[in-house]
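Secondary and tertiary structure notes
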Amino acid sequence: MELSSILKPEAVRVLSAASSKKRLFQEIGDVAAGALDLDTQVVVDCLLERESLGPTGVGHGVALPHARLGGIESVSGVFVMLEKPIDFSAVDRQPVDIAFALFAPEEAGVDHLKALALVSRTLRDSAVCAKLRANPDPVKLYAILTEAQSMQAA
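Okay, so let's go over this structure.

Calculation criteria
Residues numbered from 1 in each chain as written. Predicted model: local features only at pLDDT ≥ 70, side-chain atom pairs only at ≥ 80, totals over all residues. Heavy atoms only, no water. Phe/Tyr/Trp six-rings, centres within 6.5 Å; stacked < 30°, edge-to-face > 60°. Helix = DSSP H or I, 4+ residues; strand = E, 2+ residues; numbered from the N terminus. Buried < 20%, exposed > 50% of the residue type's maximum accessible area, 1.4 Å probe, protein only. Lys NZ or Arg CZ within 6 Å of the ring centre and 35° of its normal. Salt bridge = Lys/Arg side-chain N within 4 Å of Asp/Glu carboxyl O.

1. Some words on the packing of aromatic side chains
- Taken as a whole and judged by the stated rule, the model has 2 aromatic pairs.
- On the basis of an interplanar angle of 70 degrees and a centroid distance of 6.0 Å, the ring pair of Phe 79 and Phe 100 is categorised as edge-to-face. Here Phe 79, found in strand E5 (residues 76-86), pairs with Phe 100, found in strand E6 (residues 96-105); they are 21 residues apart in sequence, far enough to count as distant. Each member of the pair, Phe 79 as well as Phe 100, is classed as buried.
- The aromatic ring of Phe 88 is capped on one face by Lys 21, whose charged end is 4.7 Å from the ring centroid.

2. Some details on the pattern of salt bridges
- Tallied over the full model, the rule gives 3 salt bridges.
- Note that Glu 27 and Arg 23 form a salt bridge whose closest N and O atoms lie 3.0 Å from each other. Here Arg 23 and Glu 27 lie together in helix H2 (residues 21-36), a separation of 4 residues that amounts to about one turn.
- Judged by its relative accessible area of 13%, Glu 27 is buried.
- Residue Arg 23 is classed as partly exposed on the basis of its relative accessible area of 34%.

Structural data, given as structure tokens:
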């Protein structure tokens with residue numbers, strides 16, 4: 001599995017307006033609607049439902065919200081970089097400025113877990129996160145993300 005198969009260039013955004021977790025999920029829903037042809041409200045509701053089970057802020061300013069959705073055929077994602085970090089109830093209590101949301105078919109099984117592991121591995125790399133934070137341009141962010149995975153595989 002490769003990040004380029006999960007993440008489309010048009011699903012990468014830099015956000016200036018997200019001031020809360022709920023607002024961030026709304027923005028992710030809007031991006032998912034445009035880039036992945038998903039219903040904004042369904043995305044928001046599914047992310048909020050999953051988040052109610054426990055926060056998906058994994059630490060070091062990174063969050064990996066995820067949800068299973070009906071009506072999609074493969075695992076896909078939305079990457080957002082926040083201009084201003086927000087409280088996300090992350091495990092290390094640090095505010096979040098990088099979020100990679102994953103959406104999987106309801107019956108995805110192991111593919112969903114493989115995608116989560118792949119994104120987690122990529123964003124656990126402090127050098128990758130430093131590059132992302134230094135390049136707030138969606139085209140560059142996409143290149144960094146897809147290039148990072150190639151570098152890790154080598």
